[in-house]
Amino acid sequence: MSLILSSYIHNTPSEMLDHVREAYSRFKAMVYHDTNDLMLREQLARFEEGDLNRSLVNLSSHLHDYFTGRTEIDDFAHWLDSIEVRHMPKKVEGFDHRQRRSPQFLTNAGEESIVVSKTTRFFRGPIELHMISTLWIMLEGKKTAHPANRFSYGNQLALDESGEFKQQRQLFVPYFIKYQEWRNKGIAAAREQIEGGNNVLLVSLDIQDFFNSVRIDFNALRIDLNLADHARSFTTVIEVICQHYSKIIHGQGSDHISLPIGLAASGVLANWHMKRFDDELNEVLRPVYYGRYVDDMFIVLANVTPPQEVRDWRDDPSASKAKRQNWKNPSEWFFEKFFTPEVGPLILSHTNKGEVEGRLTGAAYAGLLMQSEKVKLFHFDPQWPLASLKKFEHHLKESSSVFWLLPEEV
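Residues numbered from 1 in each chain as written. Predicted model: local features only at pLDDT ≥ 70, side-chain atom pairs only at ≥ 80, totals over all residues. Heavy atoms only, no water.

(A) Representation of the pattern of salt bridges in the model. All chains considered together, the criterion is met by 16 salt bridges. Across the pair Glu 48 and Lys 28 runs a salt bridge whose closest N-O atoms are separated by 3.0 Å. Remark: Lys 28 occurs in helix α2 (residues 13-33) and Glu 48 occurs in helix α3 (residues 38-49); sequence separation between them is 20 residues. By relative accessible area, Lys 28 is classed as partly exposed at 26%. One salt bridge in this structure joins Glu 72 and Arg 232, with 2.8 Å as the shortest N-O distance. On the criterion of sequence distance, the pair formed by Glu 72 in the loop between α4 (52-67) and α5 (77-80) and Arg 232 in the loop between α10 (218-224) and α11 (234-250) is long-range, its members being 160 residues apart. Three or more residues are tied together by salt bridges with common partners; here these are Lys 178, Glu 181 and Lys 185. (Salt bridge = Lys/Arg side-chain N within 4 Å of Asp/Glu carboxyl O. Helix = DSSP H or I, 4+ residues; strand = E, 2+ residues; numbered from the N terminus. Buried < 20%, exposed > 50% of the residue type's maximum accessible area, 1.4 Å probe, protein only.)

(B) How the structure looks around the sheet that holds strand β9 (residues 376-380). Reading across from one edge, β4-β5-β3-β9 is the order of the four strands in this open sheet, with antiparallel pairing throughout. Only two strands of the sheet have a single neighbouring strand rather than two, namely β4 (289-293) and β9. Across the sheet, the mean angle from the axis of one strand to that of its neighbour is 10°, orientation sign disregarded. With five bridges connecting them, β4 and strand β5 (residues 296-302) associate as antiparallel partners. What sits directly across from Tyr 290, in β5, is Ile 299. Sheet strands in contact with helix α8 (residues 175-195) are β3 (200-206), β4, β5 and β9, and its direction is about 160° off that of β4. (Pairing = 2+ DSSP bridges. Axes fitted to C-alpha atoms, helices over the stretch in contact; angles between N-to-C directions. Contact = heavy atoms within 4.5 Å.)

(C) Spotlight on the packing of α4 against helix α7 (residues 127-139). Across the interface, α4 lies against α7 with an axial gap of 11 Å and an inter-helix angle of 60°. As far as their axial angle goes, α7 and α4 are oblique. Between α4 and α7 the crossing geometry is right-handed. Between α4, through Leu 56, Leu 59 and Leu 63, and α7, the contact on the second element is made entirely by Glu 128, Met 131, Ile 132 and Leu 135. Residue composition of the contact of α4 with α7, grouped by class: six nonpolar, no polar and one charged. (Parallel < 35°, antiparallel > 145°, perpendicular 65-115°, else oblique. Left-handed = near helix turned anticlockwise from the far one by under 90°. Nonpolar A, V, L, I, M, F, W, Y, C, P; charged D, E, K, R; others polar.)

(D) Representation of the sheet that holds strand β8 (residues 369-371). Pairing in this open sheet of three strands is antiparallel, and the strands run β6-β7-β8 from one edge to the other. If you trace the sheet from one side to the other, it starts and ends with β6 (346-350) and β8, each paired once. Strand after strand, the sheet turns through a mean of 30° between neighbouring axes, direction not considered. Here β6 runs beside strand β7 (residues 356-360); their pairing, made up of five bridges, is antiparallel. When the bridges of β7 are listed, Ser 349 appears paired with Glu 357.

Okay, structure coming up:
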């Protein structure tokens, strides 16, 4: 039996309850200190309005019965069937068009019609499922984060060198600390190269709709966690939670298992899933710096200068055909220059409309794309002032998935 399972599968009911109480403490601290999800805070407050101790004992009893074989996964059905998806606005059109039309006239009045053109889907489920997610991180998922992926900065667990949690209540390293580290290390590496007389190309990439598009292989995860021979584990329960959520997103007939945004386990699973990609990208590019913050990537390449046709490129359909033939889409140039089908882990691809995109290669990454519009290249010549580095920092902040959650001083 694996060491992971032996830590709880033979627990007495009181020992399981101790795990549940610790998980609740860590989950509550995360909700109130590490996220700005006001709806989840309200849900947690309402959960505490009831008989909190009874609720914790009830969850503990269900888990103990499941792990000792007294019940099956169906025992969690009343919680699993309560999973919902809530939609939050991601892109709004019509709000500030009037301001942008003229720099001589400003108004805070928007257009008569405001349209939400894009939404983000969030997991909404019983607090008990959030606690199971926390228990998975505490008892199994932490093994995926030790040793740490040196290229990943988002959703980092607060573990010490031995792979155990540093503080009693902390689950994750505060997200804004890791964001600062991700950004500042890259900017420092770029500045050092420029001051040393080298041209530098900064690259910003973003995976389209990552959490809903990713496909998680839980069988591979069980092998990594040494759980392959055990049907009952927290990993199996997390898999079932993700399956229920994914059926809502992708349809009842789909076997696509993606990650629920808003479930703490999703960030840990995402980092585990992307580790091989991070290693391969670093191996192919050999950059001065590479870092990934969730689905945002920051790359620093030394002594790379895009050709003139890339530097002249404009997204201007009104330009003459002859002029457009002398331009090269920066995204297309980047993917063509650095990646081939034989090398990976990215490859140039085109949509049916002829739009450029970067497709992640390998069966594990099927369906993951990098849109051309999200690929940003910033070239710096050491002979010119570095003031535009600030512009790139601003771009990183605004394009990051956590932009609206960052404190003002970051």
